[in-house]
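Structural overview
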Amino acid sequence: MSGRETTVASVASDNATFDEDPGAAKPVLHRAIEAHLPNPRRYARSLTRDAVAADDLVQECIARALAKIHLW
């Protein structure tokens, strides 16, 4: 990304599951989302033709999805 830095928080357990504790699943979910980000970014860039607008679009999409994750 142009001039942006990405930081990743370290996590104590790589094997957290949804059964253990609601907070323990967040690191696993965040890694899964992060692994899939290149595809929506690429699609958003094809729609917007602007890298910054595309990143904003993907960020808004992920934020909305996470806000409604309780519905799954």
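Just so it is clear, the model here is predicted, and its values are computed rather than measured.

Quick look at the pattern of salt bridges now. Here the structure, examined in full by the defined rule, presents two salt bridges. Here Arg-41 ties to Asp-55 by a salt bridge, and the two come within 3.4 Å at their closest N and O atoms. Note that Arg-41 is positioned in helix H2 (residues 38-48) and Asp-55 in helix H3 (residues 51-67), a separation of 14 residues in sequence. With its nearest N and O atoms 3.7 Å apart, the salt bridge here joins Asp-55 to Arg-45. Of the two residues, Asp-55 sits in helix H3 while Arg-45 sits in helix H2, which places them 10 residues apart along the sequence. Beyond isolated ion pairs, a larger network of salt bridges with shared partners links Arg-41, Arg-45 and Asp-55.

We now examine the environment of Asp-55. Residue classification places Asp-55 among the buried positions, given a relative accessible area of 10%. When the C-alpha positions of Asp-55 and Arg-45 are compared, they lie 7.9 Å apart, and in sequence the two are 10 residues distant.

It is worth spelling out the confidence of the model for the chain at this point. A residue-level look at the chain finds 67% of positions with pLDDT of 70 or above and a mean pLDDT of 77. The secondary structure element of the chain with the lowest average pLDDT is helix H1 (residues 25-36), at 86, and the one with the highest is H2, at 96. Note that residues 5-19 has pLDDT below 50 and, in this model, 14 contacts with residues that lie over four places away or in other chains.

Between its first and last C-alpha, H3 extends 24 Å over 17 residues, near the 24 Å set by a 1.5 Å rise per residue. As for H3, its buried residues are in contact with H2.

Here is what the cut-offs are and how they apply
- Residues numbered from 1 in each chain as written.
- Predicted model: local features only at pLDDT ≥ 70, side-chain atom pairs only at ≥ 80, totals over all residues.
- Heavy atoms only, no water.
- Salt bridge = Lys/Arg side-chain N within 4 Å of Asp/Glu carboxyl O.
- Helix = DSSP H or I, 4+ residues; strand = E, 2+ residues; numbered from the N terminus.
- Buried < 20%, exposed > 50% of the residue type's maximum accessible area, 1.4 Å probe, protein only.
- pLDDT = per-residue confidence, 0-100.
- Contact = heavy atoms within 4.5 Å.
- Expected span 1.5 Å × (residues − 1).

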